[in-house]
Amino acid sequence: MNKFCNMLERANLQFVADMIQMGTPKLDLSVKNLEEQEDEAVKHLKKRLEDTVSENELGNVTDIAMEYANDCCEIYFVVGMKAGAKLIYQLLNESLKNS
């Protein structure tokens, strides 16, 4: 019975997202909520940019990085929705298949 509990523990969005995106499972799942994860990512980005570019260019480079990140978010959102729809379709319509 323990193997089934382990399977259910792995059935989470972070694990599935990494499997679809990277092809490998994430070993260290974040316990932070999505807002905390975003805040941490922005903080990390700002720190790296402060260490890399001059103070005069920081605002401009930050805006460019955030625009790029927003574009990527839109793309990954669409891919995620399509992957979810594909899985739902397979669950509902291909009942005898195992893939």
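These numbers come from a predicted model, not from an experiment. (Residues numbered from 1 in each chain as written. Predicted model: local features only at pLDDT ≥ 70, side-chain atom pairs only at ≥ 80, totals over all residues. Heavy atoms only, no water.)

Turning our eyes to something else, we now look at the overall build of the protein. The number of helices and strands found in the protein is 4 helices and 0 strands. When the helices and strands of the protein are placed in sequence order, the string is α-α-α-α. For 99 residues, the compact-globule estimate of 2.2 N^0.38 gives 13 Å, and the C-alpha radius of gyration of the protein, at 19 Å, exceeds that figure by more than 25%. Counting over 99 residues, the protein shows a buried share of 6%. For the protein, the exposed surface amounts to about 9100 Å²; the carbon and sulfur share of it is 60%. Distance between charge centroids for the protein: 11 Å, based on 11 positive and 17 negative side chains. (Helix = DSSP H or I, 4+ residues; strand = E, 2+ residues; numbered from the N terminus. Rg over C-alpha atoms; globule rule 2.2 N^0.38 Å. Buried < 20%, exposed > 50% of the residue type's maximum accessible area, 1.4 Å probe, protein only. Areas by Shrake-Rupley, 256 points an atom, 1.4 Å probe, with all protein chains shown as cover. Lys, Arg positive; Asp, Glu negative; His and termini not counted. Charge placed at Lys NZ, Arg CZ, Asp CG, Glu CD.)

So, about the layout of surface pockets. Estimates place the volume of the largest pocket at around 1700 Å³. Breaking the lining of the largest pocket down by element, the ones donating at least two residues are α2 (13-21), α3 (34-52) and α4 (55-93). Element by element, the count of residues in the lining of the largest pocket is highest for α4, at 14 residues. Considering only residue class, the lining of the largest pocket consists of 20 nonpolar, 8 polar and 4 charged. (1 Å grid on protein atoms, 1.4 Å probe; cavity = no way out; pocket = protein on both sides within 12 Å on 5 of 7 lines; lining within 4 Å. Points joined across faces, edges and corners; volume = space filled by probe spheres on them. Nonpolar A, V, L, I, M, F, W, Y, C, P; charged D, E, K, R; others polar.)

On to a nonpolar patch on the surface, then. A cluster of nonpolar residues, Val16, Ile20 and Leu87, forms a patch on the protein surface that exposes about 250 Å² of accessible area. Looking at Leu87, the relative accessible area reads 44%, which means it is partly exposed. (Patch = residues over 30% accessible without salt bridge, like charges linked within 9 Å, V, L, I, M, F, W, Y side chains within 5 Å. Salt bridge = Lys/Arg side-chain N within 4 Å of Asp/Glu carboxyl O.)

So, about the side chain of Asp18. For Asp18, the location among the structural elements is in helix α2. Classification of Asp18 by relative accessible area gives buried; the value is 14%. For Asp18, the contacting residues outside a window of four places in its chain are Gly23, Thr24, Pro25 and Lys26. (Contact = heavy atoms within 4.5 Å.)

At their nearest, the axes of α3 and α4 sit 10 Å apart, and the two run at 140 degrees to each other. Here α3 is positioned oblique relative to α4, judged by the angle of their axes. By crossing handedness, the relation of α3 to α4 is classed as right-handed. Mapping the contact onto sequence places Val42, Leu45, Leu49 and Glu50 in α3 and Leu58, Val61, Thr62, Ala65 and Met66 in α4. Of the residues in the contact of α3 with α4, the class split is 7 nonpolar, 1 polar and 1 charged. (Axes fitted to C-alpha atoms, helices over the stretch in contact; angles between N-to-C directions. Parallel < 35°, antiparallel > 145°, perpendicular 65-115°, else oblique. Left-handed = near helix turned anticlockwise from the far one by under 90°.)

On average, residues of the protein carry a pLDDT of 87, and 93% of them reach 70 or more. Averaged over each element, pLDDT in the protein is lowest for helix α1 (residues 2-10) (81) and highest for α3 (93). (pLDDT = per-residue confidence, 0-100.)

Opposite charge on two side chains permits them to pair, given that their charged atoms come into close proximity. On inspection of all chains with the given rule, the structure shows 2 salt bridges. Salt-bridge contacts for Lys47 lead to Asp51; the nearest nitrogen and oxygen are separated by 3.0 Å. Of the two residues, Lys47 and Asp51 both sit in helix α3, 4 residues apart, roughly one turn of that helix.

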